[in-house]
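# Structural description and commentary
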Amino acid sequence: MKQGELVYAGKAKSLYRTDVPGQLYVHFRDDITAFDGGKKDVLSRKGNLNARVSAKIFSLLEEHGIPTHFVRMEGDAAMIVRDLRMIPLEVIVRNIAAGSITRNYPVPEGTAFDPPVIVIDYKDDARHDPMLNDDIIVTALRLLSRDQLAEVKALALRVNAVLQRFLAGVGITLVDFKLEFGWDGDRIVVGDEISMDSMRLWDTATGTSLDKDVYRFGKGDVLAVYREVAARALPGGEQK
Ligand code: ATP
Ligand code: TYD
């Protein structure tokens, strides 16, 4: 597979064309950022850990019949994916209250949500990703029809069910996570990444963070916790 021209470099990943039309090479860089890019660092091997966990999760979703952009893992820290027309939404599924919902609303951290709470933000860095509602998505921004929005939410809940079960099996509580969706032809599929950067994970036994919160709030050795998630989630996990 030839890594072609750079199409886009975001905060943590770079997308390249490949010699296969319609497929992209996504390089997970070692960059880590938080607070709208206000905090930035480079952590050696972080890209490899997130790429491998993402690849594992996308494979798992596909096995459960959930459509994703994933084609295969490529080399050390990259995935081959189908080139999607991205829908500029951040679809967040919350099983337990933490993070922004506890800052913005009177909901104590740790409150369990059943059914899960779905929050959708508009992916627009310049506007600091404002929260949307159904009417803004459908009527004001015309990003999706009502039915398509319902499909996105249903897919997000299916992803949640698969991920929650998988992670519970390795002693990890899935607190919340963010998905991005895109159009693969006329199908809506899960895109982007599902990794320790985009999920909030707590060790079930101790309640300690196993995700980017360790970086956001300087709670310890970020790479060590990313390695810990990889070790638990991937067979033969940590070594590579
Ligand atoms: P953020 O960190 O807020 O998600 P970013 O653009 O800085 O934004 P990166 O993860 O560095 O994030 O960049 C990856 C980019 O690639 C994102 O804009 C994402 O929407 C886009 N993307 C993810 N999967 C695909 C895909 N299959 N086809 C096309 N674009 C994709
Ligand atoms: P949220 O609590 O809204 O934000 P913060 O982590 O800043 O308090 O985040 C909910 C989940 O979504 C969390 O697992 C991180 C993930 N997420 C992203 O991956 N990217 C984003 O831009 C946002 C807002 C959240």
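Refer to the structure presented above.
The following paragraphs examine the structure supplied in this document. (Residues numbered from 1 in each chain as written. Chains lettered and ligands numbered in written order. Predicted model: local features only at pLDDT ≥ 70, side-chain atom pairs only at ≥ 80, totals over all residues. Heavy atoms only, no water.)

### Observations regarding the pairing of strand S2 (residues 13-18)
Looking at chain direction, strand S1 (residues 3-9) and S2 are connected through 4 bridges and run antiparallel. Opposite Ala9, over in S2, you have Ser14 as the bridge partner. Connecting S1 to the antiparallel partner S2 that follows it, the hairpin turn spans 3 residues. Bridge count for S2 against strand S3 (residues 23-28) is 5 bridges, and the pairing is antiparallel. Across the sheet, the residue bridging to Ser14 is His27, located in S3. (Pairing = 2+ DSSP bridges. Helix = DSSP H or I, 4+ residues; strand = E, 2+ residues; numbered from the N terminus.)

### Focus: the side chain of Asp213
As for its placement among the helices and strands, Asp213 is situated in helix H5 (residues 213-216). In this structure Asp213 touches Arg200, Gly218 and Lys219, once residues within four positions along its chain are discounted. (Contact = heavy atoms within 4.5 Å.)

### A word on helix H6 (residues 222-233)
Taking 1.5 Å of rise per residue, 12 residues should cover 16 Å, and H6 covers 17 Å from first to last C-alpha, within 8% of that figure. Residues of H6 that are buried include every one of Val222, Leu223, Val225, Tyr226, Val229, Ala230 and Ala233, and no others. Down the axis of H6, the smallest arc covering the buried residues is 165 degrees, so these residues share one side. Turning to H6, the residues buried within the fold contact strand S4 (31-34), helix H1 (46-63), helix H4 (146-168), strand S11 (172-184), strand S13 (199-203) and H5. Two or three places before Leu223, at the opening of H6, Asp221 has a side-chain oxygen 3.2 Å from that residue's backbone nitrogen. (Expected span 1.5 Å × (residues − 1). Buried < 20%, exposed > 50% of the residue type's maximum accessible area, 1.4 Å probe, protein only. Arc of directions from axis to C-beta. Polar contact = N/O pair within 3.5 Å; in protein donor to acceptor, adjacent residues only side chain to side chain.)

### Some words on the packing of H1 against H6
Two elements in contact, H1 and H6, have axes whose closest approach is 10 Å; the angle formed by their N-to-C orientations is 30 degrees. In terms of orientation, H1 lies roughly parallel with respect to H6. Regarding H1 and H6, the two cross each other, and that crossing is left-handed. For the pair H1 and H6, the contacting residues are Lys46, Leu49, Asn50, Val53 and Lys56 in the first and Leu223, Tyr226, Arg227, Ala230 and Ala233 in the second. Taken together, the residues of the contact of H1 with H6 sort by class into 6 nonpolar, 1 polar and 3 charged. (Axes fitted to C-alpha atoms, helices over the stretch in contact; angles between N-to-C directions. Parallel < 35°, antiparallel > 145°, perpendicular 65-115°, else oblique. Left-handed = near helix turned anticlockwise from the far one by under 90°. Nonpolar A, V, L, I, M, F, W, Y, C, P; charged D, E, K, R; others polar.)

### Quick look at the sheet that holds S2
Here 5 strands make up an open sheet; going across it, the order is S1-S2-S3-S7-S6 and the pairing antiparallel. The sheet is open, and its two borders are formed by S1 and strand S6 (70-74), each paired with just one other strand. Here the average twist between neighbouring strands, direction ignored, is 30 degrees. Where S3 meets strand S7 (residues 78-82), 5 bridges bridge the pair, whose relative direction is antiparallel. Within S7, the position partnered with Leu24 by the bridge is Val81. This element, H1, spans S3, S6 and S7 of the sheet and lies at about 145 degrees to S6.

### Here we look at the site of ligand 2
Surveying the vicinity of ligand 2 reveals 15 residues, the closest of which are Glu90, Arg94, Ser100, Asp176 and Arg200. Separating an oxygen atom of ligand 2 from a side-chain N or O atom of Arg94 is a distance of 2.7 Å. Measuring from an oxygen atom of ligand 2, one finds a side-chain N or O atom of Arg103 at 3.1 Å. Its free accessible area being 510 Å², ligand 2 has 81% of it covered by the protein chains. The set of elements that each furnish at least two residues to the shell around ligand 2 consists of strand S9 (89-96), helix H2 (100-104), S11 and S13. Along the lines of polarity and charge, the residues of the shell around ligand 2 split into 4 nonpolar, 3 polar and 8 charged. (Near = heavy atom within 4 Å. Areas by Shrake-Rupley, 256 points an atom, 1.4 Å probe, with all protein chains shown as cover.)

### Focus on the site of ligand 1
Neighbouring ligand 1 are 17 residues; Tyr8, Lys11, Lys13, Lys123 and Glu180 lie closest to it. Interatomic distance of 2.7 Å between a side-chain N/O atom of Tyr8 and an oxygen atom of ligand 1. Take Asp192: an N or O atom from its main chain is 3.1 Å from a nitrogen atom of ligand 1. When ligand 1 sits alone it has 620 Å² of accessible area, and the protein chains cover 87% of it. Mapped onto the shell around ligand 1, the elements with two or more residues apiece are S2 and S7. Split by residue class, the shell around ligand 1 holds 7 nonpolar, 2 polar and 8 charged.

Note that every value here comes from positions in space, so none of it alone points to a role or purpose.
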